[in-house]
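Single-letter residue listing:
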Amino acid sequence: MLCPCGSELEFSLCCQPIINGQKTADSPEQLMRSRYSAYATGEAQYIYDTYAKASQAQQNVEEIGQWAAMSKWLFLEIHHSSAIPQSADELPVVKFSAHYLLGNKYHKMTESSRFLLENGQWRYLDGDVSEFDEVREMKRNEPCPCRSKKKFKQCCGR
Ligand SMILES: [Zn+2]
Ligand SMILES: [Zn+2]
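A brief structural summary. (Residues numbered from 1 in each chain as written. Chains lettered and ligands numbered in written order. Predicted model: local features only at pLDDT ≥ 70, side-chain atom pairs only at ≥ 80, totals over all residues. Heavy atoms only, no water.)

Further remarks concern the pattern of salt bridges. Taken as a whole and judged by the stated rule, the model has five salt bridges. Residue Arg33 is joined to Glu29 by a salt bridge in which the shortest nitrogen-to-oxygen separation is 3.0 Å. On the criterion of helical spacing, the pair formed by Arg33 and Glu29 is a turn pair, its members being four residues apart in helix 2 (residues 28-41). Assessed through its relative accessible area of 23%, Glu29 is described here as partly exposed. With a closest N to O distance of 2.9 Å, Arg136 and Glu142 form a salt bridge. We classify Glu142 as buried; its relative accessible area is 19%. In this structure, a network of salt bridges that share partners links the residues Arg114, Asp126 and Asp128. (Salt bridge = Lys/Arg side-chain N within 4 Å of Asp/Glu carboxyl O. Helix = DSSP H or I, 4+ residues; strand = E, 2+ residues; numbered from the N terminus. Buried < 20%, exposed > 50% of the residue type's maximum accessible area, 1.4 Å probe, protein only.)

In structure tokens form, the structure reads like this:
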């Protein structure tokens, strides 16, 4: 299967080895992509583990898992990845939109996420959600928003 992050690589050559712990994400964007793919494949523990320590306290693996399972993850859009800052008090930012369905409602969430290194590994600190759109209710016969070119009712709306 192709990687959910939209890289057009096989999952096994992209985010899967990072989620499995065989490889570490070598950039904030790669960590962000792997976290999205973990949402899409229901790997709640990985999502929890890749929060920075300071943010982990407010998280709960079960809730992450419920949210991941409730949503049908359509695709990820990366708008911008900042360069790795030279100074330690600046944090790299990745701006992205996650497109997903809740039932037959198409949602898009746009966020600028901040990342930091902990023990040499990229971790997700937090993010500012700039848009949280319920884009619209899907009709059964319209093209599926996952870009499969199938009708919604024959694809993600089944
Ligand atoms: Zn990927
Ligand atoms: Zn679809």
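Distances from the zinc ion (ligand 2) to its protein donors, Cys144 (SG), Cys146 (SG), Cys155 (SG) and Cys156 (SG), fall at 2.2 to 2.3 Å. One can describe the site at the zinc ion (ligand 2) as tetrahedral: its four donor atoms subtend angles covering 105 to 114 degrees at the metal. Ordering the donors of the zinc ion (ligand 2) by residue number gives the pattern C-x1-C-x8-C-C. (Donors = N, O, S within 2.8 Å, 3.2 Å for Na, K, Ca; no water. Tetrahedral: all angles 85-135°; square planar, octahedral: opposite > 155°, others 65-115°.)

In spatial order, the strands read 1-2-3-4; together these four strands make up an open sheet with antiparallel pairing. The open sheet has two free edges, formed respectively by strand 1 (72-81) and strand 4 (121-137), since each of these has just one partner strand. Across this sheet, the average inter-strand angle for adjacent strands is 20 degrees, counted without regard to direction. Direction of pairing for strand 1 relative to strand 2 (residues 93-102): antiparallel, over a ladder of eight bridges. Looking at strand 2, one finds that Trp73 is bridged to Tyr100. Across the sheet, helix 5 (residues 61-70) lies against strand 1 and strand 2, angled at about 60 degrees from strand 2, the strand it touches most. (Pairing = 2+ DSSP bridges. Axes fitted to C-alpha atoms, helices over the stretch in contact; angles between N-to-C directions. Contact = heavy atoms within 4.5 Å.)

In short, the description is geometric, and any link to function would need to be established separately.
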